[in-house]
Amino acid sequence: LCFHFSKMNFKDFCFQFMMRILRSRILQVLIFITVIVSIYLFYQIANKSTFTSETNNIRIKNNLDPISEKGNDGKNDRSDRRISENVNEIDVIVTFTKAEHNYALRDKFKVTVSSLLKHSTIDIKFHIIGDEPSQKIAKQILDETIKYVSVKHKLIHHDVDAMAKQLHEIVKPMQKYFSYKPGAYYSDALFFLSIAIHRVLPDVQRVIMLDADLKFRGNIKDLYMLFGEFAQDNVIGIAREMQPVYRHLLNVYRNKHPNTRAGAPPPDGLTGFNSGVMLLDLDRMRQSELYNSLINQDTLKEYTEKYTYKGHLGDQDFFSLINLEHEELFYVLPCTWNRQLCTWWRENGYKNVFNQYFTCEGYINIYHGNCNTPIPDD
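All figures in this text were calculated on a predicted structure; none of them were measured in a lab.

Re the sheet that holds strand S3 (residues 153-159)
If you walk across this open sheet you meet the 7 strands as S3-S2-S1-S4-S7-S6-S8, and the pairing is mixed. The open sheet terminates on both sides in strands that have one partner only, identified here as S3 and strand S8 (330-333). Going across the sheet, the axis of each strand differs from the next one's by a mean of 25°, ignoring polarity. Judged from the 3 bridges that link them, strand S1 (residues 89-95) and strand S4 (residues 206-210) form a sheet pairing that is parallel. In the sheet register, Val-92 faces S4, and the bridge partner there is Ile-208. On the sheet, helix H4 (residues 103-119) packs against S1, strand S2 (123-130) and S4 and is oriented at approximately 165° with respect to S2.

Laid out in structure tokens, this is it:
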């Protein structure tokens, strides 16, 4: 090197030195090894990405939570962001009892299930909860209706008395706080079962629970997809009550706390709920320590005394009450999925504020003919 350096300038020396290195066997081997290692690392990264994507697709196809890119720190706002479009059957509960001599109720039930099936693009597994005569009537109506629709259905019977016996210790205190009087319509155990239905349907993951006085104008699959909008702590999807019912029931508390949100109208008020249409994530209801800790007589006593609260509408009174303390448990359904039509409170003391609760903009997917209100023909 010293010899060559003495014979040429520095620039030429550097050029020739580099060329000799590049022609050396050792460097060629090093370059070859580097290329092989680079190719190996590239395929390892690509395969990991493909595996994660495929795993997510498999989990979504089975209605499981996709793998979070944020890790398992519990900070994701929505852990069920997507519900599989490929789901091919959904569970639907309809409460239907004392129909043997109630022809008006039969007609309402027929409108509910026929309109549901007419607009559905997905097969339905109906869980009919009611007494034995009502079960037979429900089967007759469904057998007749299914002739005119393309989707399939299954029918599963649940005896309300048997369920009530299973949940006796839960239902009994509910009747004390949320029934108008002993023997009243809503004091029947049927109207409290949604609160603990997760304890008697162990094999069902998610279910849509419906009253029997509805008319569908939208696809129930679109309603089911709203499970994917649940935030991490949500266990139930339910629409606001569209009358000032809970403004009235919370009147004493509101007078003492004039700035409270309790009973105030939407969008910021805790308006209270209507249980005519509910999305029940039974898995989450089973897993939620908070939710299950609230289903007891001590909690009911504490909350009803705090809010000077006495309900008469069954399960929706319970949900409306615990929402005052734990909003995080509920996903608020758009009003278009439970467009209640009853206007009783407009003429009974709340005309000036009625429309603040009753207004609902957008295409109506479900009409709810509560308090025997006629449903539009369209």
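Thoughts on the sheet that holds strand S10 (residues 366-368)
Strand order in this open sheet of 3 strands is S5-S10-S9, and the pairing throughout is mixed. Unpaired on one side and paired on the other, strand S5 (214-216) and strand S9 (339-340) mark the two borders of the sheet. Where S5 meets S10, 3 bridges bridge the pair, whose relative direction is antiparallel. Looking at the pairing, Phe-216 lines up with Ile-366 of S10.

Quick word on the pairing of S2
A regular strand carries its side chains on alternate faces of the sheet. Among the 8 residues that make up S2, 6 are buried, leaving the element largely enclosed by the rest of the structure. By the bridge criterion, 7 bridges tie S1 to S2 in an arrangement that is parallel. Opposite Ile-93, over in S2, you have His-127 as the bridge partner. Handedness of the crossover joining S1 and S2 through H4 is recorded here as right-handed. Summarising the sheet, S2 and S3 pair through 7 bridges and their orientation is parallel.

Let's talk about the packing of aromatic side chains
Per the stated rule, a full pass over the model turns up 15 aromatic pairs. Judged by centre distance (5.7 Å) and plane angle (65°), the ring pair of Trp-345 and Tyr-350 falls under edge-to-face. Comparing Trp-345 with Tyr-350 shows no difference in burial state: the two are buried. A connected cluster of aromatic rings, assembled from ring pairs, spans Tyr-177, Phe-178, Tyr-246, Phe-273, Tyr-309, Phe-318, Phe-319 and Phe-330.

Here we look at the confidence of the model for the protein
Put simply, the protein has an average pLDDT of 83, and 76% of its residues get 70 or more. Note that residues 1-5 has pLDDT below 50 and, in this model, 5 contacts with residues that lie over four places away or in other chains. The model gives residues 46-76 a pLDDT under 50, and that stretch makes 28 contacts with residues more than four places away or in other chains.

What about unusual backbone geometry?
Across the junction of Pro-266 and Pro-267, the peptide omega takes the value 10°, indicating a cis bond. Here Pro-267 lies in the loop between helix H10 (251-256) and strand S7 (273-281). Look at Lys-98: it is not a glycine, yet its phi comes out positive at around 55°. Position of Lys-98 relative to the elements: it lies in the loop between S1 and H4. Overall, the relative accessible area of 52% leaves Lys-98 in the exposed class. Despite not being glycine, Asn-372 shows a phi value in the positive range, around 60°. Checked against the element boundaries, Asn-372 lands in the segment after S10.

A word on the environment of Tyr-357
Structurally, the position occupied by Tyr-357 is in helix H15 (residues 354-358). By relative accessible area, Tyr-357 is classed as buried at 3%. Sequence spacing of Tyr-357 and Gly-269 is 88 residues, and the spatial spacing of their C-alpha atoms is 9.9 Å. In this structure, Tyr-357 is in contact with Met-242, Gln-243, Pro-244, Arg-247, Gly-263, Ala-264, Pro-265, Pro-266 and Thr-271, ignoring residues within four places of it in sequence.

Looking at helix H7 (residues 168-178)
When H7 is considered as a whole, its buried residues turn out to be Ile-170, Val-171, Pro-173, Met-174, Tyr-177 and Phe-178. Buried residues along H7 sit in contact with helix H13 (297-306) and helix H14 (315-323).

With respect to the environment of Val-277
With respect to the secondary-structure elements, Val-277 resides in strand S7. Distance in space between the C-alpha atoms of Val-277 and Asp-211 is 6.7 Å, their sequence separation being 66 residues. If we skip the residues at most four places from it in the chain, Val-277 touches Met-209, Leu-210, Leu-214, Leu-223, Gly-237, Ile-238, Ala-239, Leu-333, Trp-337, Asn-338 and Ile-366.

Here is what the cut-offs are and how they apply
- Residues numbered from 1 in each chain as written.
- Predicted model: local features only at pLDDT ≥ 70, side-chain atom pairs only at ≥ 80, totals over all residues.
- Heavy atoms only, no water.
- Pairing = 2+ DSSP bridges.
- Helix = DSSP H or I, 4+ residues; strand = E, 2+ residues; numbered from the N terminus.
- Axes fitted to C-alpha atoms, helices over the stretch in contact; angles between N-to-C directions.
- Contact = heavy atoms within 4.5 Å.
- Buried < 20%, exposed > 50% of the residue type's maximum accessible area, 1.4 Å probe, protein only.
- Right-handed = clockwise from strand over helix to strand, strands pointing away.
- Phe/Tyr/Trp six-rings, centres within 6.5 Å; stacked < 30°, edge-to-face > 60°.
- pLDDT = per-residue confidence, 0-100.

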